[in-house]
Amino acid sequence: MYALHNLLFLGLLTVTLSPNSEVFGASRDKKDAIKSIVDEPKCGEIKSICNNLSENDDILILECLQSLNPSRLLGLNEDCQHVVWKHVRELIQNERVKDILFPYCSNDLNRLNCNINTGEGEYLKCIVSNKEDIQNNDCNSMVLRLENVAFQDLRWISSFLQHCEEDISNLNCGRIDPHGLTQSHTITCLQNNILNVKDECKREVFKLSELQADNIKLDRQLYMACVEDHRRYCQQFPAGSGRVFTCLMEQPQDRLTIECHKQLLRRQKLISQDYRISKGLMRACKDDIKKTHCRRQTSNDKTIRLAQILLCLEGVAKNGTKIDPDCEAEMVEHRKILMEDYRLSPEIVDGCGDEIRKFCSGFEVGGKTIHCLMDHARLKNVKKRIGDVCQRAIESLVKETDVGEDWRVDPVLHQACYPVVKAVCRDIRGGDARVMSCLMDNIGADHMTEECEDALIQIQYFIARDFKLDPQLYRACKEDAGNFCSASENWEDSQKDQPTYGPQVLPCLYRYAYQNDQKMQIKKSCLQQIQRVMRQRAISVDLQPEIEEACLDDLAMFCFDKTKKGEEMMCLQKNFDELKGKCRKAVESFTEVEAEHAELNPYIMQHCRKEMETLCNAELKNDEGDVMECLISHKNDPSVKANPPCKISIEHFQIISLKDYRFTYKFKVACKHFAMRFCANARTKSEVVTCLSEKVTNDTVRGFKSDVPKECRQQLKAQLFQQRENVDFDPKLKAACLADIKNYCDKIEHGSAQVLECLQTVREKLSDRCEQEVFKVKKQEIYDNSVDYALITMCADSIEQFCPHHERETILDCLKLNKDQKGFSRKCRSIVLHRMIEQNSNYQLNPALQENCKMDINKFCLNVIKNNQGRDLNGDVIKCLKNSFRKSVLSRRCETEMVNILREQALDVSLNPLIRVICKNELETICRSEEDDSGKTEECLKNALIEKRIMTPACRVEVANMIEESQADIQVDPLLQQVCALDLLKFCKDVPQGNGRHIKCLRITMDNKQLSSECKDMLSKRLKMYENAAQVASPADFQELYHQVVASPAKHYFFFLFLMMFGSIFVIGIFFGRAFRRHMTIKNK
């Protein structure tokens, strides 16, 4: 019973074709001479079982028995079973086969050229082996029916027993029974141990496995194990269609029964060892394999592994050869098979056994074990890293399956990324790495999941190490790789046995990406692919092998806890100064490229994508450092401030760029030559910027034409402007003022130049080192207002309204003139007044004063400068010039400049730093300043002096000096000038300005009783002030005493007293002279 069960259910194939009555009629005479199974007395019961047959033909009867339930067949008596076995043996005899096939296959039999005079079963064997060359469909159907019957007894393939008997014995696969009816279990055993089977037997097993491929029922164990799964999931495919295997293999593992999956795995292992066992692949790719000579190129042996044929077909496809779509679909399915179960790759089973037990035990199949091994392949996993043999095995699998070409090949990636693809890549056609590229572009996006990102990075780790695994990159750049990077035509094949990835093609090609020489430029299509790949791989050091290998030790030392996307590169950049030689060079090269193309900055791309599209859309079209420059200029816009991660990312780049001037692309291009020429010892960008800016400033102060060209100066201004915004961007200033910032500006936010402004307000308290650095900064800002961040940003609206066409370098002058205009911004006015106070505190911060009073300073104030060691922190030089102004000894240009300064101070006492300090008590009690001063505070102090309400001695002297300064030029007394404006125009229009001439003119006019009453009252008040001031202000030297007397209203009185004193001394001298002469005369006698 068991033998017959095997005979029918293992060997017979359900053939869906209906019997052709004409066919059987064609050889009716011979058939009448041969008894059928039902004609045998011992098998009478079969007649009742198969009672619907059109005639008693053995093939029809056997097909009828095949359709029965296996339990029903077990009821047949043993004698009938023997009869069935005997008829099957007779059916496959050479002559009988020819008689059956001739009516259908006369033409094809001649073409097949099979010799009938061979051993038993060899004729049918030859026909079956060449059935793919049969053209007649009826012939092909009949051959298939005979094949199903013949397969019941493997002895008709004589070479199988001849070549496999030893292996059957060695592998304990059962003994051959010469009288047995089937050897199906023996075949299954050999298939399970195929890697241990000798080559001769292996070829025979593969041949039989090929025969099984067309019909699931020819593989008894598989059919019996999967009968329920077939009915449940694949019932639309008849058992003889050849599609059942494919349908079952496409089902998820968790849907199949354990035994069915086990038997399918056996078939998959066979397919992995010989691609011909897959009839789907054979049918779809037959023409392509023949056309591309893949069998000949792959192996001289008839047995060719699936991986070998896939690699060949993938290679020709990447080189531009068109592959049939059906073949491409079959290739995808078979690549997926290899990725689903590591057990299908003997190299992984043998080479990764220890690693699987150590790192990946407990992972089920379905690709998860392979991904676990991939995760442990990274170089940084020093203690939990797979060995070189296992590494090579994984690399080979990735190449064989070409997983980078189609995301659907990898079941883990497909399952993890399916929702992401549905959301963001649904309109992208599969294949050619298009979906993979879409997924890489969306890493960090809202729809990306952690599971998808992890699986994607694990795959990309290997793709990044093999130039050929990215089909778009390989196709676009293969020619350029050969032209510029010394890559031979088959360089990628020569690297397959190397322990690491192939040539550094990508970095090499990038060096030629932006060559000025057209002969040295790569193709545009290649450049686009390089930009895409570098953008996508910038998210992780793992995807940049040239950095990962060079920085292995540094990553372990500085970045062991940085695991999030992009953190490792950011960590390396932060620790740039401490990196070792090779790592430092690799990070330096990457950061230079990153500075040129913002898309390579993962943090910028993740957090600032929307801002780039809205604020910097024009720069995105051709980014050569323009996008980062645009983002930096807009980082304080409301839209960027509303996105803190974006602003933080921008400022991170600014801080990183301080480490080397080459990390700012536009600055590097414009200033590299001059940095090397003038700043050879400068290491960081801040040092280069300081060096070049000091040279430009010094050239400007001296009146020389700068050796630094305009393009570099413009970039220099941009860098200085950025430095001024945040003290963190100026390492030298920050280091010098660290303690001062903590003491005086600890709670001030680092941004919008607030810390720098804070330091200036407490400049009297700053340490010497900090004061020097702050002074350098202010000097740069005064000589080039365009780098004054606070001034430019706080006054943006006022500049646009009042000074739209004024040069930004001297915009402060324009703002000074308009600061009291209606509509002028209060914030801007405050900044302008602050700058004016700085200029009045130090002549070195006042370019106009230095230019107009250079000779006067050297003439009258040289000792002051020497005493202060070249500095003028307390305004001593300006004080010296004021004294000279009161004496009317200044040159015309300097006097005019001093008038402007004193007039501004008179209108706003806050611009007089000396008064603010020494008269602090009076300003807080007697004369509180108002926002709109207009000279009221100074007038209050003058009146308080006359009324003797000023208690501070130094304040009294300084207020008296102010009064005397106003006496020297009426423009210094804006209130008097305003009241007497018409009188000056009427009576004094021809009187030169300065030296108190207008005051004298008004006094003469007042004596002549011609002044207006308002002017007369104000002038009388001023004359009284002058008289009181002369009494308070003590002269510093005889010359100042003379000028005070000459300028005093009581100068005639003082002159009379001087004459009386001089006359008295003269008379007394004469008297004592005569007396002394008389005394000497008497003594001599």
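Residues numbered from 1 in each chain as written. Predicted model: local features only at pLDDT ≥ 70, side-chain atom pairs only at ≥ 80, totals over all residues. Heavy atoms only, no water.

Undergrad: Account for the packing of helix H17 (residues 279-292) against helix H20 (residues 325-340), with residues named and values stated.
TA: Contact geometry for H17 and H20: axes closest at 8 Å, N-to-C directions at 130 degrees. Classed by the angle they form, the pair H17 and H20 counts as oblique. Considering the relative orientation of H17 and H20, their crossing is left-handed. Side by side, H17 and H20 meet where Gly-280, Leu-281, Ala-284, Cys-285 and Asp-288 of the first sit next to Asp-326, Cys-327, Glu-330, Met-331 and His-334 of the second. Taken together, the residues of the contact of H17 with H20 sort by class into five nonpolar, two polar and three charged. (Axes fitted to C-alpha atoms, helices over the stretch in contact; angles between N-to-C directions. Helix = DSSP H or I, 4+ residues; strand = E, 2+ residues; numbered from the N terminus. Parallel < 35°, antiparallel > 145°, perpendicular 65-115°, else oblique. Left-handed = near helix turned anticlockwise from the far one by under 90°. Contact = heavy atoms within 4.5 Å. Nonpolar A, V, L, I, M, F, W, Y, C, P; charged D, E, K, R; others polar.)

Undergrad: How would you summarise the nonpolar core if you had to cite specific residues and measurements?
TA: Ile-46, Ile-127 and Leu-439 are the most contacted members of the largest nonpolar core, which totals 138 residues. Element by element, the count of residues in this core is highest for helix H27 (residues 450-463), at eight residues. In contact with Leu-439, not counting residues within four places along its chain, are Cys-417, Val-420, Val-421, Cys-425, Met-448, Cys-452 and Leu-456. Formed by 40 residues, the second largest nonpolar core is a distinct cluster that contains Leu-509, Ile-547, Ala-586 and Val-587. (Core = buried A, V, L, I, M, F, W, Y, C linked by side-chain atoms within 4.5 Å. Buried < 20%, exposed > 50% of the residue type's maximum accessible area, 1.4 Å probe, protein only.)

Undergrad: Account for helix H14 (residues 220-233), with residues named and values stated.
TA: The terminal C-alpha atoms of H14 lie 19 Å apart, and with 14 residues this matches the ideal 20 Å at 1.5 Å per residue to within 8%. At Cys-226, H14 shows its maximal kink, close to 60 degrees. When H14 is considered as a whole, its buried residues turn out to be Arg-220, Gln-221, Leu-222, Tyr-223, Ala-225, Cys-226, Asp-229, His-230 and Tyr-233. (Expected span 1.5 Å × (residues − 1). Bend = angle between axes of the 7 residues up to and from the residue.)

Undergrad: Let's hear about a negative patch on the surface: which residues, and what values?
TA: Where like charges cluster on the molecular surface, the negative patch consists of Asp-287, Asp-324, Asp-326 and Glu-328. Relative to the helices and strands, Asp-326 is located in helix H20. The class of Asp-326 is exposed, set by a relative accessible area of 54%. (Patch = residues over 30% accessible without salt bridge, like charges linked within 9 Å, V, L, I, M, F, W, Y side chains within 5 Å. Areas by Shrake-Rupley, 256 points an atom, 1.4 Å probe, with all protein chains shown as cover. Salt bridge = Lys/Arg side-chain N within 4 Å of Asp/Glu carboxyl O. Lys, Arg positive; Asp, Glu negative; His and termini not counted. Charge placed at Lys NZ, Arg CZ, Asp CG, Glu CD.)

Undergrad: Could you give me a rundown of the packing of aromatic side chains, with the residues and numbers involved?
TA: Scanning the model with the defined rule gives six aromatic pairs in all. Summarising the aromatic geometry, the rings of Phe-467 and Tyr-474 are spaced 5.9 Å apart at their centres and angled 65 degrees between planes, so their arrangement reads as edge-to-face. Relative accessible area serves as the criterion here: at 9%, Phe-467 is assigned to the buried category. Note on Tyr-474: relative accessible area 0%, which makes it buried. When the ring centre of Phe-678 is taken as reference, the NZ or CZ atom of Lys-695 above it lies at 4.8 Å. (Phe/Tyr/Trp six-rings, centres within 6.5 Å; stacked < 30°, edge-to-face > 60°. Lys NZ or Arg CZ within 6 Å of the ring centre and 35° of its normal.)

Undergrad: So what's going on with unusual backbone geometry? Which residues, and what values?
TA: Here the phi dihedral of Asn-113 falls at roughly 60 degrees; this positive angle occurs in a residue that is not glycine. Considering the arrangement of structural elements, one finds Asn-113 in the loop between helix H8 (94-112) and helix H9 (122-129). Of note, the phi angle at Ala-753 is positive, near 60 degrees, even though the residue is not glycine.

Undergrad: Tell me about the state of the cysteines, and name the residues and values.
TA: One pass over the full model with this rule turns up 31 disulfides. Between the sulfur atoms of Cys-551 and its disulfide mate Cys-583 the distance is 2.0 Å. Taking the sign of the torsion about the S-S bond as the criterion, the disulfide between Cys-551 and Cys-583, at about 100 degrees, is right-handed. A residue pair is termed long-range when its members are at least 10 positions apart, and Cys-551 in the loop between helix H32 (545-548) and helix H33 (552-558) and Cys-583 in helix H35 (residues 581-596) qualify at 32 residues. Residue Cys-551 is classed as buried on the basis of its relative accessible area, which comes to 0%. For Cys-583, a relative accessible area of 1% translates into the label buried. (Disulfide = S-S within 2.5 Å.)

Taken by themselves, the reported measurements are silent on function.
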